[in-house]
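Chain by chain, the residues:
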Amino acid sequence: MELKLKRIVKISKILIYLCLGILILLFRNDIYDYLYLIVSLPILYVAVQEFIYEIYTKSYLNELNKIGSLLIEIILATIILFTKTDIELLCIIWGIIVIIKGTTALNNVIHLLVTKKFIAASLEGIEAIIQIVFAILLVIEPEEHVSFHIILLGIEMEIIALKSFIENVLLYYYNKLSLTE
């Protein structure tokens, strides 16, 4: 039952990100009034889900737990919900959240390097550095970079949906078929 529930949550994440990404890319010039929702709700959804998972699996007992950064993401995403019309503040907080995610990913890169997973470490490291650089731009000059970041957000949602679909649906059924043959 637990595994089935986890798969339902992952598939719902795929659908939410896919739909949001399409909406963001199609209506990027018309979403400024709803940007606080579009940015904060997916962050809250994923962070709360991961936080519950960390607590449930007791992974907070190992050194690579994400409890602290997840709590910060939840708090900051909640603050974004209350910014509504303050685009500058929203962008600064959004940038800080992405910096936290990027630095957490860099922490994971170190773990991947230690376990000799060099390709995965390289890919995640490049992604983390790009995230951090763009997030710094968003924090430094929020008004000038917001429209660019909206496009990036739409693209990122589509990439996350595709990546999650491959990892959680295609590979699941591929492994299931391989085991039954």
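The preceding data block contains the structure.
Below: a short report on this structure.

Calculation rules
- Residues numbered from 1 in each chain as written.
- Predicted model: local features only at pLDDT ≥ 70, side-chain atom pairs only at ≥ 80, totals over all residues.
- Heavy atoms only, no water.
- Phe/Tyr/Trp six-rings, centres within 6.5 Å; stacked < 30°, edge-to-face > 60°.
- Helix = DSSP H or I, 4+ residues; strand = E, 2+ residues; numbered from the N terminus.
- Lys NZ or Arg CZ within 6 Å of the ring centre and 35° of its normal.
- Salt bridge = Lys/Arg side-chain N within 4 Å of Asp/Glu carboxyl O.
- Buried < 20%, exposed > 50% of the residue type's maximum accessible area, 1.4 Å probe, protein only.
- Core = buried A, V, L, I, M, F, W, Y, C linked by side-chain atoms within 4.5 Å.
- Contact = heavy atoms within 4.5 Å.
- Patch = residues over 30% accessible without salt bridge, like charges linked within 9 Å, V, L, I, M, F, W, Y side chains within 5 Å.
- Areas by Shrake-Rupley, 256 points an atom, 1.4 Å probe, with all protein chains shown as cover.

**Observations regarding the packing of aromatic side chains**
Alright, step 1. Considering all chains together, one arrives at 1 aromatic pair under this definition.
Alright, step 2. For the pair F134 and F148, a centre-to-centre distance of 5.4 Å together with 65° between the ring planes defines the contact as edge-to-face. Within this pair, whereas F134 is found in helix α5 (residues 118-140), its partner F148 is found in helix α6 (residues 142-180), the two being separated by 14 residues in sequence.
Alright, step 3. For the cation-ring pair, K13 lies above Y17, with the distance from its terminal atom to the ring centre recorded as 5.8 Å.

**Thoughts on the pattern of salt bridges**
Any two side chains of opposite charge can pair, given that their charged atoms come close.
Alright, step 1. Per the stated rule, a full pass over the model turns up 1 salt bridge.
Alright, step 2. Close ionic contact of E73 with K101 constitutes a salt bridge, the shortest N to O distance being 3.5 Å. Placement of E73 in helix α3 (residues 67-81) and of K101 in helix α4 (residues 87-114) is noted, with a sequence separation of 28 residues between them.
Alright, step 3. When its relative accessible area of 6% is taken as the criterion, E73 is described as buried.

**As for the nonpolar core**
Alright, step 1. One finds L35, V39 and I80 to be the most contacted residues of the largest nonpolar core, which totals 32 residues.
Alright, step 2. At the level of elements, α1 (2-26), α2 (35-56), α3, α4 and α6 are the ones that each hand at least two residues to this core.
Alright, step 3. For this core, the element with the most residues is α2, which contributes 8 residues.
Alright, step 4. For V39, the residues in contact, after removing those within four places along its chain, are I80, L90, W94 and L153.

**Describing the environment of L138**
Alright, step 1. Relative to the elements of secondary structure, L138 occurs in helix α5.
Alright, step 2. With 11 residues separating them along the chain, L138 and H149 place their C-alpha atoms 7.7 Å apart.
Alright, step 3. Residues in contact with L138, not counting those within four places in the same chain, are C91, W94, G95, H145, V146 and H149.

**Some remarks on a nonpolar patch on the surface**
Alright, step 1. A cluster of nonpolar side chains, I11, L15, L18, I22, L23, L26 and F27, forms an exposed patch at the surface whose accessible area comes to about 620 Å².
Alright, step 2. By secondary structure assignment, the location of I22 is in helix α1.

**A look at the environment of S164**
Alright, step 1. On the secondary structure map, S164 appears in helix α6.
Alright, step 2. Sequence-wise, S164 and L15 are 149 residues apart; in three dimensions their C-alpha atoms are separated by 9.9 Å.
Alright, step 3. Apart from the residues within four sequence positions on either side, S164 is in contact with K13, I14 and V169.

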